[in-house]
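Analysis of the macromolecular model
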Amino acid sequence: TTVTVTDTVFRNNVAGSDGGGMWKNGAVTLTRVTFANNRGTHGGAILHSGGALNITGSTINDNTATNSGGAIYADAGTVALTSSSLLRNTSQGSNAGGGMYVTSSCTVTGIGSTLANNTAAAGGGIYNIGRVMLTNINLNSNAATSSGAGVYNLGVFTITTSTFHSNTATSDGGAVYNAGAVTMT
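So, a few notes on the structure that sits alongside this text.

**Examining unusual backbone geometry**
The backbone phi angle of N37 is positive, close to 60 degrees, even though this residue is not glycine. Position of N37 among the secondary structure elements: in the loop between strand 5 (34-36) and strand 6 (39-40). Residue N37 is classed as partly exposed on the basis of its relative accessible area of 38%. Even without glycine at this site, S166 takes up a positive phi of about 60 degrees. Tracing the chain through its elements places S166 in the loop between strand 25 (163-165) and strand 26 (168-169).

Below is the structure:
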């Protein structure tokens with residue numbers, strides 16, 4: 001069974017553990033949904049632990065993870081991000097993935113979306129250990145207090161017809177830090 005959420009706002013929610021706005025396992029479709037100012041340990045807005053997560057026309061902004069995945073912690077399954085924005089999300093301290101943290105058990109696809117002004121120690125926009133495939137994506141003004149302001153990649157990362165602009169890392173990889181496999185076209 002797929003859970004469908006449309007035209008809904010998740011705002012100012014706090015989880016003592018994971019998924020400040022939503023913790024999910026199974027199929028979920030989010031359409032025109034806003035997650036704002038939520039807080040959790042892993043996944044300030046969403047912790048995705050399996051199944052398919054489809055996000056379309058949605059905004060995930062100003063969320064905080066006290067560990068990794070300021071907006072989304074993608075732990076398993078698949079995530080499809082379409083025509084959506086991840087803005088001003090934060091992974092605190094020495095943690096990773098301000099916009100999104102992708103584990104080795106997850107595959108993410110993104111089309112026509114923006115990741116901007118997200119902050120983490122590594123992977124301000126995206127921290128990837130799994131598989132990420134992006135098309136027509138804007139990664140702008142993300143920051144890393146260590147490496148990989150736009151993307152920190154240890155997995156498989158493919159990006160097509162996309163823009164990296166004004167990302168800033170204190171150490172290595174202002175746009176991309178790669179220690180995995182990257183294809184850019």
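**Overview of the sheet that holds strand 5**
Sheets are built from strands that pair by backbone hydrogen bonding, the pairs being arranged parallel or antiparallel. Here 7 strands make up an open sheet; going across it, the order is 2-5-9-13-17-21-25 and the pairing parallel. In the strand order of this sheet, the two ends are held by strand 2 (9-11) and strand 25, each with one partner. Strand after strand, the sheet turns through a mean of 5 degrees between neighbouring axes, direction not considered. Pairing of strand 5 with strand 9 (residues 59-61) involves 3 bridges; the strand directions are parallel. In the strand pairing of strand 9, A36 is matched with N61.

**Points about the packing of aromatic side chains**
Scanning all chains against the criterion turns up 5 aromatic pairs. Pairing Y73 with Y101 gives two aromatic rings, centres 4.9 Å apart and planes at 5 degrees, and the pair type is stacked. With Y73 in strand 11 (residues 72-74) and Y101 in strand 15 (residues 100-102), this pair connects stretches of sequence that are 28 residues apart. Taking relative accessible area as the criterion, Y73 reaches 12% and is therefore assigned buried. We classify Y101 as buried; its relative accessible area is 13%. An angle of 20 degrees between the planes, with centres 4.5 Å apart, marks the rings of Y152 and Y177 as stacked.

The rules behind the values
- All residue numbers refer to position in the chain's written sequence, counted from 1.
- Confidence filtering applies because this is a predicted model: local features only for residues at pLDDT of at least 70, side-chain atom pairs given and counted only at 80 or more, and all residues used for totals across whole chains, interfaces and linings.
- Values reported for side chains reflect all heavy atoms of the structure, with hydrogen atoms and water molecules removed beforehand.
- Numbering of helices and strands runs from the N terminus; a helix is a DSSP stretch of H or I covering at least four residues, while a strand is a stretch of E covering at least two.
- Note on classification: 1.4 Å probe, protein chains only; a residue is buried when its accessible area is under 20% of the maximum for its type, exposed when over 50%, partly exposed between these limits.
- Two strands pair under a simple rule: DSSP has to find at least two bridges between them.
- To obtain an axis, a line is fitted to C-alpha atoms, over the contacting stretch when the element is a helix, and the angle between two such axes runs from 0 to 180 degrees between their N-to-C directions.
- Stacked, tilted and edge-to-face pairs are distinguished by plane angle, under 30 degrees for stacked and over 60 for edge-to-face with tilted covering the rest, among Phe, Tyr and Trp rings (Trp via its six-membered ring) whose centres lie within 6.5 Å.

That's the geometry; what it means functionally is another story.
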